[in-house]
Amino acid sequence: GTDSSLTSLSLMPVSTGPMDGPPPPNSSILKPNFDPSVTEYTYAITSDYSGVNVSVQLSNAIGGPVDCRIGDEACIDPDNPWVGPTVDIDGPTFIDIVVTAADGSSTTYRIAVSVDGVVPTTTTTTEVPATTEAPATTATPTSSSVPVGVVAPGDGVVSSLVTESNASTFVRNPGEVSLVDGDGNPVIGELVRVSDEVGSVPAASRTPEQVAQIRSEAVALVEALSSRAPEGSDVPVRVVETETGANLSGLVTDPADGTSDLPVPVEDVVLLVTDEQALLLGGADGPADPADLRGGVLELGPDGEVSAVAYGLTPGALGELVVMSSPTLMGTFTVGADGSFQGQAALPSTLAAGSHTVVLAVDGLVASAGVVVTGEVTLPVTGSGSSSVPWAVLVVATGALAVLMIRRRVVV
């Protein structure tokens, strides 16, 4: 077997000058506690610090990691293996640690470093803060002005917007989501989903406080979606309270009949929000079975379907839903006159298990999301090597990462 995971990860804030006072209580705590299977973390420092020292250990098992890098810098110096590299921190940013196994598969561990309580905003995974002011509401979806429907392509019909010549531009690893304009420029935005501290807790094991937090986060997520909807429009997505949290209705249609609403746990959807656009993604594994979002990665069954509600698209434009590696057209649609879209498309029956990219493309705007299709067979991730598990929980909301100035130095 192969192993592209870390066995340990620790961080320490570093200062090159005198500090005004002691660090805050949690400044040296990686959250959550390190687990090789968890790839997203947060770390808080104050502006008194100038950098963060990163120390890792790799598995020495056969087929284990052969390389580990932070940017272009090796995670471990063979001549001084106990001193990790130090990443200079000029403000809130991400630290990406890429671990590569002998077979070329890799895992990316991402650390969101906040400074003085400010989280990264150039590329951000935003965990919606819990609130107590806005209680969750129970509602039944009403009619919506959002155009509904994706037309399945006829035999032999191929995508005109995502082709073999430009497909590589839109490839994303599992968990990556990005938005680019017609000129290929990244659109700055944020990803919003339920915080892992409550969303990852099994539904039957949640405390009343966790249930309340999930409900309030569901309301906040729908409010973020609604904030990009045209004024006066009726957003189809609703929050429906459950005993263990909250579902969203109005996003996914049950593949069993193609018409009935399929409630989806709010922790199994992800929302991309920019200054002008919003894109809510979810899906179904099959009849009466909503798709799971695990560690930020949308997992779809072999009979899965992808669902989306979007605002801020090019009004009246023809759009396409495409799945790659080799671009395969899942369906076409027409954006509403108000720039909105709601629809769902089935994965091709010939699509093998593994890592794939789902693309929503319209004239002037292309959204890409890396997903995992479950099954017995596993293919390499589109664009790079991959292990058989959904390892790359790297979330990219702009498509452009901040350049980190890295140098190795001894921490004293």
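Read on for an overview of the structure. (Residues numbered from 1 in each chain as written. Predicted model: local features only at pLDDT ≥ 70, side-chain atom pairs only at ≥ 80, totals over all residues. Heavy atoms only, no water.)

## Remarks on the overall build of the protein
- Secondary structure summary: the protein contains two helices and 26 strands in total.
- Taking the contacts inside the protein whose residues are at least 6 apart along the sequence as the reference set, 71% of them involve residues at least 24 apart.
- Working note: accessible area of the protein is about 18,000 Å², and carbon and sulfur atoms make up 53% of it. (Helix = DSSP H or I, 4+ residues; strand = E, 2+ residues; numbered from the N terminus. Contact = heavy atoms within 4.5 Å. Areas by Shrake-Rupley, 256 points an atom, 1.4 Å probe, with all protein chains shown as cover.)

## Concerning the side chain of Glu176
- The residue Glu176 is located in the loop between strand E9 (123-127) and strand E10 (177-181) in this model.
- In this structure Glu176 is buried but unpaired, with Arg172 as the nearest side chain of opposite charge at 4.6 Å.
- Among the polar contacts listed, one links the side chain of Glu176 to the backbone nitrogen of Asn173, at a separation of 2.8 Å. (Buried < 20%, exposed > 50% of the residue type's maximum accessible area, 1.4 Å probe, protein only. Lys, Arg positive; Asp, Glu negative; His and termini not counted. Salt bridge = Lys/Arg side-chain N within 4 Å of Asp/Glu carboxyl O. Polar contact = N/O pair within 3.5 Å; in protein donor to acceptor, adjacent residues only side chain to side chain.)

## A closer look at the pairing of strand E25 (residues 365-373)
- Counting buried positions along E25 gives nine out of nine residues, so the element sits mostly inside the fold.
- Every second residue of E25 is oriented toward a common face, with Leu365, Ala367, Ala369, Val371 and Val373 on one face and Val366, Ser368, Gly370 and Val372 on the other, all of them buried.
- The pairing of strand E19 (residues 297-300) with E25 spans three bridges and is classified as parallel. Note that in E25 the partner of Leu298 across the bridge is Val371.
- Looking at chain direction, strand E24 (residues 354-362) and E25 are connected through nine bridges and run antiparallel. Bridge pairing in E25 links Val358 to Ala369.
- Between E24 and the antiparallel strand that follows it, E25, lie two residues; Gly364 among them carries a positive phi value of about 95°. (Pairing = 2+ DSSP bridges.)

## Things to note about the nonpolar core
- In terms of nonpolar packing, the biggest core is built from 35 residues, with Leu279, Leu313, Leu347, Leu360 and Val362 touching the most fellow members.
- Top contributing element to this core by residue count: E25, with five residues.
- Every residue in contact with Leu347, bar those within four places of it in the chain, is listed here: Leu300, Gly301, Gly304, Glu305, Val306, Val323, Met330 and Val373. (Core = buried A, V, L, I, M, F, W, Y, C linked by side-chain atoms within 4.5 Å.)

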